[in-house]
Amino acid sequence: MDRDKFLKTVTKHKMDAQHELGIYRHLVFSDGTFNRRFELVTWPMHLSICGDMGTYVFCRCEDMFTFFRRSTLEINADYWSEKLESGVATQFSRARVVKWMREQRDTLKAYKRPARKAILEQMRYVVEGLDEHGESEVRRAIDGICDPDGDPVFYDMFDVSFSEYTSRFLWCLFAIVWGIGQYDVFCSLRVANDCTS
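Since we're looking at a predicted model, the values are computed, not measured.

About the criteria used
- Residues numbered from 1 in each chain as written.
- Predicted model: local features only at pLDDT ≥ 70, side-chain atom pairs only at ≥ 80, totals over all residues.
- Heavy atoms only, no water.
- Pairing = 2+ DSSP bridges.
- Helix = DSSP H or I, 4+ residues; strand = E, 2+ residues; numbered from the N terminus.
- Axes fitted to C-alpha atoms, helices over the stretch in contact; angles between N-to-C directions.
- Core = buried A, V, L, I, M, F, W, Y, C linked by side-chain atoms within 4.5 Å.
- Buried < 20%, exposed > 50% of the residue type's maximum accessible area, 1.4 Å probe, protein only.
- Contact = heavy atoms within 4.5 Å.
- Patch = residues over 30% accessible without salt bridge, like charges linked within 9 Å, V, L, I, M, F, W, Y side chains within 5 Å.
- Areas by Shrake-Rupley, 256 points an atom, 1.4 Å probe, with all protein chains shown as cover.
- Salt bridge = Lys/Arg side-chain N within 4 Å of Asp/Glu carboxyl O.
- Parallel < 35°, antiparallel > 145°, perpendicular 65-115°, else oblique.
- Nonpolar A, V, L, I, M, F, W, Y, C, P; charged D, E, K, R; others polar.
- Polar contact = N/O pair within 3.5 Å; in protein donor to acceptor, adjacent residues only side chain to side chain.
- Disulfide = S-S within 2.5 Å.

A. Layout of the sheet that holds strand β3 (residues 38–43). Read from one edge to the other, the open sheet built from six strands follows the order β1-β2-β3-β4-β5-β6, with strand pairing classed as antiparallel. What marks the edges here is a single partner per strand, and that holds for β1 (14–21) and β6 (84–86). Between one strand axis and the next, the sheet turns by 20 degrees as a mean value, whatever way the strands run. In this structure, β1 lies alongside strand β2 (residues 24–30), joined through seven bridges in antiparallel fashion. Across the sheet, residue Glu-20 finds its bridge partner in β2, namely Arg-25.

B. Broad picture of the nonpolar core. With 34 residues, the main nonpolar core has Phe-58, Phe-68 and Ile-176 as its most contacted residues. Taken together, the elements giving at least two residues each to this core come down to β2, β3, β4 (46–51), β5 (56–59), α2 (64–68), α3 (77–81) and α7 (167–196). Broken down by element, the residue count for this core peaks at 13 residues, all from α7. Excluding anything up to four places from it in sequence, Ile-176 contacts Leu-40, Leu-47, Ile-49, Phe-58 and Phe-68.

C. Focus on a nonpolar patch on the surface. Residues Leu-21, Tyr-24 and Trp-43 make up a contiguous nonpolar surface patch of about 310 Å² in total accessible area. As for its position among the elements, Tyr-24 is in strand β2.

D. Molecular detail of the packing of helix α4 (residues 94–104) against helix α5 (residues 113–128). Relative orientation of the contacting elements α4 and α5 amounts to 170 degrees, with a least axis distance of 10 Å. Classed by the angle they form, the pair α4 and α5 counts as roughly antiparallel. Contact residues: Val-98, Met-101 and Gln-104 in α4; Met-123, Val-126 and Val-127 in α5. Taken together, the residues of the contact of α4 with α5 break down into five nonpolar, one polar and no charged.

E. Inspection of the side chain of Asp-63 at higher detail. With respect to the helices and strands, Asp-63 occurs in the loop between β5 and α2. There is a polar contact of 3.0 Å between the side chain of Asp-63 and the backbone nitrogen of Phe-65. Filtering out sequence-adjacent residues up to four positions away, Asp-63 remains in contact with Ile-23 and Arg-25.

F. Spotlight on the environment of Asp-156. The residue Asp-156 is located in the loop between α6 (135–143) and β8 (163–165) in this model. For the pair Asp-156 and Ile-75, spaced 81 residues apart in the sequence, the C-alpha separation amounts to 30 Å.

G. A look at the state of the cysteines. Considering all chains together, one arrives at zero disulfides under this definition. Of all cysteine sulfurs, the one in Cys-61 lies closest to Cys-59, which takes part in no disulfide; the gap is 8.7 Å. Of all cysteine sulfurs, the one in Cys-50 lies closest to Cys-172, which takes part in no disulfide; the gap is 9.2 Å. Taking the relative accessible area as the measure of exposure, Cys-172 reaches 3% and is therefore buried.

As C-alpha cells, then:
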C-alpha cells in the first residue's frame, strides 16, 4: 500500500464531525457507502481508527492528532506500530523468507562444495514447503538445517523477522494522516467563516 493507491480509495470521501469537545473527537469519513468508510475517535492519550479496513488503537500523547499530524501524506509504520495498543499490524510473509534465504547464500561460501550443496538442498526444501506451513514450522525447519557434521548452519534467528505490515494497517495509517489533514482544513474554514460573519 502506498500513498497514491490510498488516495484513489478516498477521492469521494467527505468528513462528518459527529462530536468535538477539545481532544474528544468522533469523525466519520465516507463516500456515502461502507466501502473504505472509517472513523477517527480520540480521547486523552488515545486514537482509534475503525471501519471497513479494520480497527486499531494507538496510545502515545495527550492529543494524538499532534502525534500523527503531517504536512504531507507520509507515514512512519515502524515507529507508529510501536504505539499500537490494539490491532494486528503484521503478518507472516513467505516472500520475506525467500528473500532471507537468498541473502544467506553468500554466508555458505565458508563451506566446501559438497557441504554447501547439501545445505542449499535443505534450504530449497524449506522454501518449497512454505505454502504448507506457518511461521513457527518454517522457523523450526530453518533451525533444522545442518552441515554434514550435524551442526546447525543458522544461529541467532531471534532477530530475523519474517513479518511484514498488512496492507490494511498501512491503509489505516494513511487514513489517519489524511483524515487529520481533512479535519485541519475543516477547522480552518470554520475559523475563516466565523471571522467573516
